[in-house]
Amino acid sequence: MSVKLTVLIENTAPEGFELIAEHGLSFLIETARMKFIFDCGHTGAAVDNAKTLGINLSEIKIVVLSHSHYDHSGGFPKLSDCAPIEKVYTGENFWEEKFSNETYRGCGFDKNFLAARGIEQKVCRDVIQIDEDAWLIGNFKRRYDFETIPKKFLRGDKKIPDDFSDEIILVLREGDGLAIVTACSHIGILNIVADVRERFSMPIFTVIGGLHLTGATQERIDKTFAELKNLGVKKILPCHCSGEDFMKRCRRIQTGSSVEI
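Residues numbered from 1 in each chain as written. Predicted model: local features only at pLDDT ≥ 70, side-chain atom pairs only at ≥ 80, totals over all residues. Heavy atoms only, no water.

Time to look at the packing of aromatic side chains. According to the stated counting rule, one finds eleven aromatic pairs in the structure shown. Between W135 and F200, the ring centres sit 5.2 Å apart and the planes meet at 75°, which makes this aromatic pair edge-to-face. Here W135 is found in strand β10 (residues 134-137), whereas its partner F200 is found in helix α5 (residues 189-200), with 65 residues between them in sequence. When the ring of Y144 is compared with that of F146, the centres are 6.0 Å apart and the planes differ by 75°; the resulting orientation is edge-to-face. Clustering of aromatic rings is evident, with ring pairs tying together F76, F94, W95, F109 and F113. Lying over the aromatic face of F140, R199 brings its terminal NZ or CZ to 5.6 Å of the ring centre. The positively charged end of R249 is found above the aromatic ring belonging to F225, 5.3 Å away from the centroid. (Phe/Tyr/Trp six-rings, centres within 6.5 Å; stacked < 30°, edge-to-face > 60°. Helix = DSSP H or I, 4+ residues; strand = E, 2+ residues; numbered from the N terminus. Lys NZ or Arg CZ within 6 Å of the ring centre and 35° of its normal.)

As structure tokens, then:
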């Protein structure tokens with residue numbers, strides 16, 4: 001059986017459907033053995049979309065939060081009201097507060113929220129396998145010096161530059177290769193793809209999710225597109241923060257889209 005991915009929320013939604021769009025991202029992942037949520041969007045509207053799409057949230061016991069920015073984790077409290085969540089997977093230092101310049105951009109809840117609901121936090125520092133066909137990956141090597149992080153992103157009490165060493169991504173088995181599902185790719189999608197390719201010694205066929213190329217120079221967009229192809233990526237399905245200029249070159253996915261991997 002292939003793995004199925006459904007976009008529960010994204011920045012855009014197709015016309016003519018009763019689906020909500022917001023600046024955020026949430027995916028439902030279905031393998032042969034389990035269903036789980038990768039990121040929760042901002043407001044919890046992903047929960048409303050799941051109901052509209054006929055998705056039974058009572059089957060969801062596992063959630064992955066790629067990082068603690070509001071547009072990826074802010075919807076978690078509402079999801080936890082509707083689903084019997086037992087475990088939340090995060091990267092290391094998930095609870096460090098996030099800022100954009102001086103504006104707070106964190107998730108809006110803390111570890112006490114999990115404790116009060118009896119939800120276990122599992123921290124991915126490198127690689128965690130959560131299913132025969134699914135892994136979480138963090139702690140990436142930086143290979144491409146042009147994949148820079150905007151200086152506006154800060155973290156912690158001292159508001160130091162955020163290197164997003166806490167961000168994790170999802171890797172799914174795709175035939176005799178792999179698919180990468182990424183939330184924001186703050187550390188650079190090429191850094192992510194090259195590192196996963198090296199760790200698994202397997203080809204990367206598909207890249208799905210936010211590539212954080214909004215506002216990127218045309219030179220960086222061109223380099224990124226060319227290098228993804230050079231790394232062997234066959235299919236790119238961007239959304240959320242990937243930037244309109246980049247998404248024009250690919251098949252964009254949006255709220256309600258389903259992808260078979």
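So that's the structure; there's more coming.
This part is about the pattern of salt bridges. The full count for this structure, using the stated rule, is 24 salt bridges. E198 is the partner of K141 in a salt bridge, and the nearest nitrogen-oxygen pair spans 3.0 Å. Taken together, the positions of K141 in the loop between β10 and β11 (153-155) and E198 in helix α5 put the pair 57 residues apart, joining distant regions of the chain. For K141, a relative accessible area of 47% translates into the label partly exposed. Given the relative accessible area of 43%, E198 is considered partly exposed. Among the charged side chains, a salt-bridge network with shared partners connects E96, K98, R155, D162, D163 and D166. (Salt bridge = Lys/Arg side-chain N within 4 Å of Asp/Glu carboxyl O. Buried < 20%, exposed > 50% of the residue type's maximum accessible area, 1.4 Å probe, protein only.)

Within the secondary structure layout, F146 lies in the loop between β10 and β11. Here F146 falls in the partly exposed class, since its relative accessible area comes to 22%. Sequence separation between F146 and K78 is 68 residues, and the spatial gap between their C-alpha atoms is 38 Å. If we ignore the near neighbours within four places in the chain, the residues touching F146 are L190, R220, K223 and T224. (Contact = heavy atoms within 4.5 Å.)

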